[in-house]
Amino acid sequence: RAFFHGLVSMVAVMVLALFMTPFALAAGFKREYKLQVNVGPSFYWGIGATKFADLVREKTDGQINIKPYFGSALLKGAQLKSAQMVAKGVIDCAYESTINISPVIPEANIFHLPFFINTFENLDKMKAGQSGQAVFAAMRKIGLQPLAWAENGFRQVTNSKHPIGKPADLKGLRIRVVGNPMFMDTFRQLGADPVNMNWGDAQTAFQQGVVDGQENPVGVLIPVQIHQYHRYATMWNYLVDPLVIYWNQKQWKAFPSDIRQAIQEAAQTSGRFEIALCRAGLDGNTSLDILKNEFNHTMEVPDPVQFMESKGMTVSFLSTDQVKAFADATAPVLKKWARKLGTDLVDKARADMGR
Ligand code: X2X
């Protein structure tokens, strides 16, 4: 009789296990969550993505395992497809530039209007304000869950020919830009000869000298060793690309709330850390202090301008008048794209910046 009872309970346990398995799987997590990142792991942007994955693993006790795929490996280099693929759920999440999401989130182009934002202060006001919210709302609408901002940075122009101090200096220069029509318009308006290519191809193009110049933030210029190809850098802050950390929304909504909270916190912390890395040396001691005091970051963060100069580059900073000459020259592009983006969004951005 005892044997019979034992048998019954054993069978019961087995049947229960059989039924529970599919439920356990349904409620369980994927073995790996794929994170799209356009650049390599040594860029500040890449370091931020790794920090995000590490923090998520830590805060979820290893339940959520994110693997960053650098160099747009999941997209075979097609960086402009990131948002589309995450919205579809082909890729789980991304640590990506507003430039790279702009094909499906045109609102993100608010950050790319030429000579519109110009300072970290304005950028931060926009991210915290109505215009930043409008970008996040547009993301939610197409099935993305924005989690936090990070940064690529204000984009600076470099070239192999001569210093650039006025619009005429760009005349005829072949400049690699990303495949975003605003960038093509801006450089054409300045008389340059822009050519668009993906980042992976751009690095080969610099090496082979098939372009005279390019535009990217210092956080990209330094790891890609732009000094090997271009002697001249102009710090003109003409536009900026923040990064957005985002997740496929359907997947996000299915996560238990404690998991969502852990991932959200990890995104915010990694974003704050990564922004400080990107700004270190460009905003007095502010970002250096954040790295030291909040993150106990002991790794040497080089002053980006001194670094480029130490490699033999000539780095020019533009005066207010010089910047104005570029802003005047590109005003038709700003006007055209402000109309395309909608006066409502542009007014929000102006209000955020206190204009
Ligand atoms: O392609 C670029 O220039 C880069 C690396 O800055 C972006 O992904 C927007």
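In case you missed it, the structure is sitting above this.
Residues numbered from 1 in each chain as written. Predicted model: local features only at pLDDT ≥ 70, side-chain atom pairs only at ≥ 80, totals over all residues. Heavy atoms only, no water.

## So, the site of the ligand
Right, on to step 1. Taken together, 14 residues surround the ligand, and among them Asn38, Gln79, Arg155, Arg176 and Asn216 come closest.
Right, on to step 2. Asn38 is positioned such that a nitrogen or oxygen atom in its side chain is 2.7 Å from an oxygen atom of the ligand.
Right, on to step 3. Measuring from an oxygen atom of the ligand, one finds a side-chain N or O atom of Arg155 at 2.9 Å.
Right, on to step 4. Its free accessible area being 270 Å², the ligand has 100% of it covered by the protein chains.
Right, on to step 5. Taken together, the residues of the shell around the ligand break down into 5 nonpolar, 6 polar and 3 charged. (Near = heavy atom within 4 Å. Polar contact = N/O pair within 3.5 Å; in protein donor to acceptor, adjacent residues only side chain to side chain. Areas by Shrake-Rupley, 256 points an atom, 1.4 Å probe, with all protein chains shown as cover. Nonpolar A, V, L, I, M, F, W, Y, C, P; charged D, E, K, R; others polar.)

## A few points about the packing of helix H6 (residues 130-141) against helix H15 (residues 343-352)
Right, on to step 1. The N-to-C vectors of H6 and H15 enclose an angle of 140°; their axes lie 7 Å apart at closest approach. Taken as axis vectors, H6 and H15 run oblique relative to one another. Facing Gln130, Ser131, Gly132 and Ala134 of H6, the residues of H15 in contact are Leu345, Lys348, Ala349, Ala351 and Asp352.
Right, on to step 2. Classifying every residue of the contact of H6 with H15 by side-chain character gives 4 nonpolar, 3 polar and 2 charged. (Axes fitted to C-alpha atoms, helices over the stretch in contact; angles between N-to-C directions. Helix = DSSP H or I, 4+ residues; strand = E, 2+ residues; numbered from the N terminus. Parallel < 35°, antiparallel > 145°, perpendicular 65-115°, else oblique. Contact = heavy atoms within 4.5 Å.)

## Looking at the pairing of strand S4 (residues 144-154)
Right, on to step 1. With 11 of 11 residues buried, S4 is to be regarded as a mostly interior element.
Right, on to step 2. Pairing between S4 and strand S10 (residues 240-248): 9 bridges, direction antiparallel. Bridge pairing links Leu144 to Asn248 in S10. (Buried < 20%, exposed > 50% of the residue type's maximum accessible area, 1.4 Å probe, protein only. Pairing = 2+ DSSP bridges.)

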